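# Structural description and commentary
Now for the letters of each chain:
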Amino acid sequence: MLYNQKRYQELLTELKPYKATLVAVSKTKSVEAIRALREAGQDDFGENYVQELSGKARALNDDIRWHYIGHLQSNKVKTIVPISHLIHSVHSLKLLKELNKQGEKAGRTVSCLLQAFIASEETKFGMTFDEMDELLHHSEISRLKNISIKGLMGMASNCDDTRKINAEFLSLKNFFEEKKKENMPDTVSFEILSMGMTGDYRIALDQGSTMVRIGSAIFGERKYTS
Ligand SMILES: *Cc1c(COP(=O)(O)O)cnc(C)c1O
């Protein structure tokens, strides 16, 4: 089985009332699996590894909307900019500048999200609310004409404590709504709130997520995780 058709259809039905976008996270999964899901009408796919993403994008040669959701490093920006529809994991001004530079070279505007650190796990990446606030109001942001910051992404703690996950997503939603009301440069618009994975997407939707990133529920368990 290339993907779980029943679960996929159930997910679409579940997401509908929320008008949330489903990003099918295909990391470690085959090109055939992606193609099969693509044929079922799925447009948005998420990948974590730069090499894997570029290989798949080349192999599929399709108008798939690729989302880069993995940890972002400056030296990889060049490779992902021409391929990605949306980059979810921006965590510094340095990266924004590099994205802008590569966007300029590729002759395109790079859409991205700032990754927020909302979990209580050291292993997770992202910026604190204060850091995001500072970045969004940084004088250089308005000069980065080839980027478009479209919102925020966050990952909750990997645990079974529903109340804790709920509180983490809520804190991000509150920050998102707060920033949305503020005066921002043209390069910033708060439209997308990317939160929720297989284990916690229902909680995320209830807390206002507009985009969920779901892998294992659709494609089955991964042999190795990241
Ligand atoms: C792997 C991954 C997902 C999807 O995880 P599942 O639990 O398989 O749904 C979502 N977001 C990020 C950033 C990931 O790395």
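Everything here concerns the structure above.
In short, a report on the structure. The model shown is predicted, which means the values in this text are computed figures rather than measured ones.

## Looking at the site of the ligand
Taken together, 13 residues are adjacent to the ligand, and Lys27, Thr198, Gly215, Ser216 and Arg222 come closest. Here an oxygen atom of the ligand sits 2.6 Å away from a polar atom, N or O, in the side chain of Ser216. Protein burial of the ligand: of its 390 Å² of free accessible surface, 94% is covered by the chains. Its residues assigned to classes, the shell around the ligand comprises five nonpolar, five polar and three charged.

## Overview of the packing of helix 2 (residues 31-39) against helix 3 (residues 50-60)
Running from amino to carboxyl end, helix 2 crosses helix 3 at an angle of 55°, the nearest separation of the two axes being 10 Å. When the interaxial angle is binned, helix 2 and helix 3 end up oblique. The element helix 2 and its partner helix 3 pack so that their crossing is right-handed. Facing helix 2, whose interface residues are Val31, Ile34 and Arg35, helix 3 presents Lys56, Ala59 and Leu60.

## Points about unusual backbone geometry
The general pattern is negative phi for most residues beyond glycine and trans for most peptide bonds. For Lys19, which is not glycine, the phi dihedral falls at a positive 55°. Inspection of the secondary structure puts Lys19 in the loop between helix 1 (5-15) and strand 1 (21-25). Backbone geometry at Thr28 places phi at a positive 70°, although glycine is not the residue there. By the secondary structure assignment, Thr28 is in the loop between strand 1 and helix 2.

## Here we look at the pairing of strand 4 (residues 84-90)
Within strand 4, six of the seven residues are buried, leaving the element largely enclosed by the surrounding structure. Where the polypeptide runs from strand 3 (residues 65-68) across helix 4 (residues 74-80) and back to strand 4, its parallel neighbour, the crossover connection is right-handed. Here strand 4 pairs with strand 5 (residues 110-117) via two bridges, running parallel. Residue Ile87 lies in a different strand from strand 5, and its bridge partner there is Cys112. One crossover worth recording links strand 4 to the parallel strand 5 by way of helix 5 (residues 93-106), and it is right-handed.

## A word on the pattern of salt bridges
Evaluated as defined, the whole model comprises 15 salt bridges. Between Arg7 and Glu10 there is a salt bridge, and its shortest N-O distance comes to 3.5 Å. Linking Arg7 with Glu10, this pair stays in helix 1, spanning three residues, or about one helical turn. Residues participating in the shared-partner salt-bridge network are Arg38, Asp43, Asp44, Asp62, Asp63 and Arg65.

## Describing the packing of aromatic side chains
Two aromatic rings are characterised by how far apart their centres lie and by the angle between their planes. A full pass over the atoms with the stated rule returns four aromatic pairs. Ring plane angle 90° and centroid distance 6.0 Å describe the contact between Tyr3 and Tyr8, whose orientation is recorded as edge-to-face. Taking the centre distance of 6.1 Å and the plane angle of 50° together, the rings of Phe45 and Trp66 count as tilted. Of this pair, Phe45 sits in strand 2 (residues 44-47) while Trp66 is found in strand 3, placing the two residues 21 residues apart along the sequence. An identical accessibility class is assigned to Phe45 and Trp66; each is buried.

## Section: the environment of Leu205
Counting through the fold element by element, Leu205 comes out in helix 8 (residues 201-206). C-alpha of Leu205 to C-alpha of Leu15: the two residues are 190 residues apart in sequence and 8.1 Å apart in space.

Calculation rules
- Residues numbered from 1 in each chain as written.
- Predicted model: local features only at pLDDT ≥ 70, side-chain atom pairs only at ≥ 80, totals over all residues.
- Heavy atoms only, no water.
- Near = heavy atom within 4 Å.
- Polar contact = N/O pair within 3.5 Å; in protein donor to acceptor, adjacent residues only side chain to side chain.
- Areas by Shrake-Rupley, 256 points an atom, 1.4 Å probe, with all protein chains shown as cover.
- Nonpolar A, V, L, I, M, F, W, Y, C, P; charged D, E, K, R; others polar.
- Axes fitted to C-alpha atoms, helices over the stretch in contact; angles between N-to-C directions.
- Helix = DSSP H or I, 4+ residues; strand = E, 2+ residues; numbered from the N terminus.
- Parallel < 35°, antiparallel > 145°, perpendicular 65-115°, else oblique.
- Left-handed = near helix turned anticlockwise from the far one by under 90°.
- Contact = heavy atoms within 4.5 Å.
- Buried < 20%, exposed > 50% of the residue type's maximum accessible area, 1.4 Å probe, protein only.
- Right-handed = clockwise from strand over helix to strand, strands pointing away.
- Pairing = 2+ DSSP bridges.
- Salt bridge = Lys/Arg side-chain N within 4 Å of Asp/Glu carboxyl O.
- Phe/Tyr/Trp six-rings, centres within 6.5 Å; stacked < 30°, edge-to-face > 60°.

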